Amino acid sequence: MIVNMSETATEQEIQHVIDRVREAGFQPHTTRGATKTIIAAVGAGGRRHEIESLQAAPGVENVVAIAQPYKLVSRQTKPHRTVVHVGDVAIGGPEVVVIAGPCSVETREQILATAHAVKDAGASMLRGGAYKPRTSPYEFQGLGEEALKLLAEAREATGLPVVTEVMGTEDVDLIAEYADMFQVGARNMQNFALLRRLATTNKPVLLKRGPSATVKEWLLAAEYLLSGGNPNVVLCERGIKTFETETRNTLDLAAIALARELSHLPVVADPSHGTGKPVLIPPMSRAAIACGADGLIIEVHPCPERAWSDGPQSLTIDAFRAMMKSLTEPLRRVASGIETIRLGQAASAD
Ligand code: PEP
Ligand code: MN
């Protein structure tokens, strides 16, 4: 349930409602907007009728049910968009944030060269796997702590905040020492023990959508993080399994727009895993931005043919640089109104 306070509600009236929500057996989550305050009563086992009765409390505009099962993730609870800060980088603000780097951290030279190059090309965060979720146990599993140290060194050298995947609860503390943001990989989206543990940290989390997860399941996974106390969540669409075999996964562009419609959380797109094909990464990046994506996460390697994981889908540094240039054309011109979309004219020419 949501208690919408009126514009004129006093601090005392707001506090009274918060106390009553707690008394009724729910957890109060308060969102203070520019003009109005919203208090969400969430949790299981509370006395609903007591919340409904708050309609009569002073300063209350109305009491409504939250339509979606994901309560804190829903835009009903928080109508304005969330901005997640990772170091100096703001994800969910006016700027599209590009996160780039190799699939896996391999060597000092590789990660430092990539970090400098992607920064030079305009990326604002560095990615790199230290613990890799590989389909086969015989494939490279990541360098672990050694890779975390190299990522921290790359951050020192470039100033780029670092995101890296956490696969298990036992690695959370160690990764937290080195990284600026946790990545929850697609295969771990419903690892509820991991989500619960990450909820107790206040480090930002990049939550990838599971390859077979519905948007509702994805948002409910995010709800575990928010309800456990960590509001710094960024959703990541990385492609889902479909019958298509020409691409590695099917990047679900509608899910990007839908997630932003249903939730206040920022959404980024991963066209590298979403397509598996370097040639598709620039057009899908542009498409994702056009759908409202708040950012992109792209795999880049100085020499993809020598990469220890995901080489075939990695962009070379030159290709990444070219892609970054292409992101501003013609979308930026269209978006800023210098160039108008001439749909009407095209139709009348037929
Ligand atoms: C990755 O980012 O390298 C990765 C393994 O991603 P996903 O979990 O989306 O497959
Ligand atoms: Mn990868």
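Predicted, not measured: the structure shown is a model, and the values here were computed from it.

1. Some points on the coordination of the manganese ion (ligand 2)
Coordination of the manganese ion (ligand 2) by the protein comes from Cys-103 (SG), His-273 (NE2), Glu-299 (OE) and Asp-310 (OD), over a distance range of 2.0 to 2.4 Å. Mapped onto the sequence, the residues coordinating the manganese ion (ligand 2) show the spacing C-x169-H-x25-E-x10-D. Of the two residues, Glu-299 is situated in strand 14 (residues 295–299) and Asp-310 in the loop between strand 14 and helix 11 (317–327); the sequence distance between them amounts to 11 residues.

2. Points about the packing of helix 3 (residues 108–121) against helix 4 (residues 145–158)
Between two packed helices, both the angle of their axes relative to each other and the distance between the axes serve to describe the pair. Where helix 3 contacts helix 4, the axes come no closer than 9 Å and their chain directions differ by 35°. Crossing of helix 3 against helix 4: the hand is right-handed. Contacts between helix 3 and helix 4 involve Arg-108, Ile-111, Leu-112, Ala-115, His-116 and Lys-119 from the former and Leu-150, Leu-151, Glu-153, Ala-154, Ala-157 and Thr-158 from the latter. The residue inventory of the contact of helix 3 with helix 4, partitioned by class, reads seven nonpolar, two polar and three charged.

3. Some details on the confidence of the model for the chain
Taken over all residues, the pLDDT of the chain has a mean of 93, while the share at 70 or more is 94%. Considering only residues more than four positions removed or in separate chains, one finds that residues 344–350, a stretch of pLDDT under 50, has zero contacts.

4. Examining the site of ligand 1
What surrounds ligand 1 is a group of 13 residues, the closest being Arg-127, Lys-132, Ala-186, Lys-208 and Arg-238. At a separation of 2.8 Å, an oxygen atom of ligand 1 approaches a polar side-chain atom of Arg-127. Side-chain polar atom of Gln-183 to an oxygen atom of ligand 1: 3.0 Å apart, as the coordinates give it. Protein coverage of the free-state accessible area of ligand 1, which is 300 Å², stands at 98%. Taken together, the residues of the shell around ligand 1 break down into three nonpolar, three polar and seven charged.

5. As for the nonpolar core
Leu-126, Leu-198, Leu-207, Trp-218, Leu-235, Ile-298 and Phe-320 are the most contacted members of the largest nonpolar core, which has 71 residues in total. Here the element with the most residues in this core is helix 7 (residues 215–227); it accounts for seven residues. Among the nonpolar cores identified, the runner-up in size contains 17 residues, and Met-1, Ile-14, Ala-24 and Val-60 belong to it.

The rules behind the values
Residues numbered from 1 in each chain as written. Chains lettered and ligands numbered in written order. Predicted model: local features only at pLDDT ≥ 70, side-chain atom pairs only at ≥ 80, totals over all residues. Heavy atoms only, no water. Donors = N, O, S within 2.8 Å, 3.2 Å for Na, K, Ca; no water. Helix = DSSP H or I, 4+ residues; strand = E, 2+ residues; numbered from the N terminus. Axes fitted to C-alpha atoms, helices over the stretch in contact; angles between N-to-C directions. Left-handed = near helix turned anticlockwise from the far one by under 90°. Contact = heavy atoms within 4.5 Å. Nonpolar A, V, L, I, M, F, W, Y, C, P; charged D, E, K, R; others polar. pLDDT = per-residue confidence, 0-100. Near = heavy atom within 4 Å. Polar contact = N/O pair within 3.5 Å; in protein donor to acceptor, adjacent residues only side chain to side chain. Areas by Shrake-Rupley, 256 points an atom, 1.4 Å probe, with all protein chains shown as cover. Core = buried A, V, L, I, M, F, W, Y, C linked by side-chain atoms within 4.5 Å. Buried < 20%, exposed > 50% of the residue type's maximum accessible area, 1.4 Å probe, protein only.

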